[in-house]
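Working through the structure, step by step
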Amino acid sequence: KRANVDLAEAQEAVVYGGTLLRSGRYAEAAQQLDRAQQALRRNASSFILSSKQRQMEEMAKLRDRLGFEHSGRRLKQLGTLDPGDLDAALNALTQLREEWEGEISTKLDQELVSCQKSIDKAVKAGSSVGHVQQILAKGRSSLKDRKLLDAMRAVELVRAELDNAV
């Protein structure tokens, strides 16, 4: 409703598909889910595409925070993506997202290792940094779960806490 997209047809197909699935009519349920997918592509392709583009813009900002250059320019190189050819547009965004996720994950892993070294130095210097170690563990967990923004926040918080502790 927020995007002024008519989802009634898709919603109806999903609900009916669920009913069919629960009653063991799997082939008919699959047909209803296909109908729902077609309705979404027909009625909401612009919304789907703009949502994915916003996600990529956020990822570009994260890349910039990590020191990568030209993220915005790289995103603009994709050009104007056509909601009429949703598969091609989403494929282009997915390829770039996968590439960026790999780069960001590698960089965040390096940052977390660097933070651990700083924590180890602080411990040797006699600082109490148990809470910082917990933040770092949450950052590692976030990275493992591919929650890149949460991992970045953990790195920034660890650095700030170490600056205050030392």
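Shown above is the structure to which this text applies.
Note that the structure is predicted; figures quoted are calculated from it, not measured. (Residues numbered from 1 in each chain as written. Predicted model: local features only at pLDDT ≥ 70, side-chain atom pairs only at ≥ 80, totals over all residues. Heavy atoms only, no water.)

Further remarks concern the pattern of salt bridges. Here the structure, examined in full by the defined rule, presents 13 salt bridges. Notably, a salt bridge pairs Glu-28 with Arg-25, separated by 2.7 Å at the nearest N-O pair. The class of Glu-28 is partly exposed, set by a relative accessible area of 34%. Overlapping salt bridges, with partners in common, bring together Arg-97, Glu-101 and Arg-146 in one network. (Salt bridge = Lys/Arg side-chain N within 4 Å of Asp/Glu carboxyl O. Buried < 20%, exposed > 50% of the residue type's maximum accessible area, 1.4 Å probe, protein only.)

Okay, the nonpolar core next. One finds Trp-100, Ile-104, Leu-108 and Val-158 to be the most contacted residues of the largest nonpolar core, which totals 32 residues. When residues of this core are traced back to their parent elements, those giving at least two are helix H2 (26–65), helix H4 (86–124), helix H5 (130–144) and helix H6 (148–165). When sequence neighbours within four positions are dropped, the list of residues in contact with Ile-104 reads Met-59, Leu-62, Arg-63, Leu-66 and Leu-148. (Core = buried A, V, L, I, M, F, W, Y, C linked by side-chain atoms within 4.5 Å. Helix = DSSP H or I, 4+ residues; strand = E, 2+ residues; numbered from the N terminus. Contact = heavy atoms within 4.5 Å.)

The next thing to look at is H6. Counted at 1.5 Å a residue, the expected span for H6 with its 18 residues is 26 Å, and the 26 Å between its end C-alpha atoms agrees. Among the residues making up H6, those that are buried are Leu-148, Ala-151, Met-152, Ala-154, Val-155, Val-158 and Leu-162. Axial view of H6: buried residues confined to an arc of 155 degrees, hence all on one face. Residues of H6 that are exposed and angled more than 90 degrees away from the buried face: Asp-163 and Asn-164. Turning to H6, the residues buried within the fold contact H2, H4 and H5. (Expected span 1.5 Å × (residues − 1). Arc of directions from axis to C-beta.)

Now for the packing of helix H1 (residues 8–22) against H2. Remark: H1 packs on H2, axes separated minimally by 8 Å, with the N-to-C direction vectors making an angle of 165 degrees. Of the possible angle classes, the one that applies to H1 and H2 is roughly antiparallel. As H1 packs across H2, the resulting crossing turns out to be left-handed. Residues Glu-9, Ala-10, Glu-12, Ala-13, Val-14, Tyr-16, Gly-17, Leu-20 and Leu-21 of H1 lie in contact with H2, whose contacting residues are Tyr-26, Glu-28, Ala-29, Gln-32, Leu-33, Arg-35, Ala-36, Ala-39, Leu-40, Arg-42 and Asn-43. Split by residue class, the contact of H1 with H2 holds 12 nonpolar, three polar and five charged. (Axes fitted to C-alpha atoms, helices over the stretch in contact; angles between N-to-C directions. Parallel < 35°, antiparallel > 145°, perpendicular 65-115°, else oblique. Left-handed = near helix turned anticlockwise from the far one by under 90°. Nonpolar A, V, L, I, M, F, W, Y, C, P; charged D, E, K, R; others polar.)

What follows concerns the environment of Leu-78. On the secondary structure map, Leu-78 appears in the loop between helix H3 (71–76) and H4. Considered as a pair, Leu-78 and Ala-92 are 14 residues apart in the sequence and their alpha carbons are 7.4 Å apart. Excluding residues that lie within four positions of it along the chain, Leu-78 makes contacts with Ala-92, Leu-93 and Leu-96.

This next bit is on H1. With 15 residues, H1 extends 21 Å between its outermost C-alpha atoms, agreeing within 8% with the 21 Å of an ideal straight helix rising 1.5 Å per residue. Within H1 the residues assigned to the buried category are Ala-10, Ala-13, Gly-17, Gly-18 and Leu-20. Along H1, the residues classed as buried sweep out an arc of 160 degrees about the axis, all on the same side. Turned more than 90 degrees away from the buried face of H1, the exposed residues are Gln-11, Val-15 and Arg-22. On its buried face, H1 is in contact with H2.

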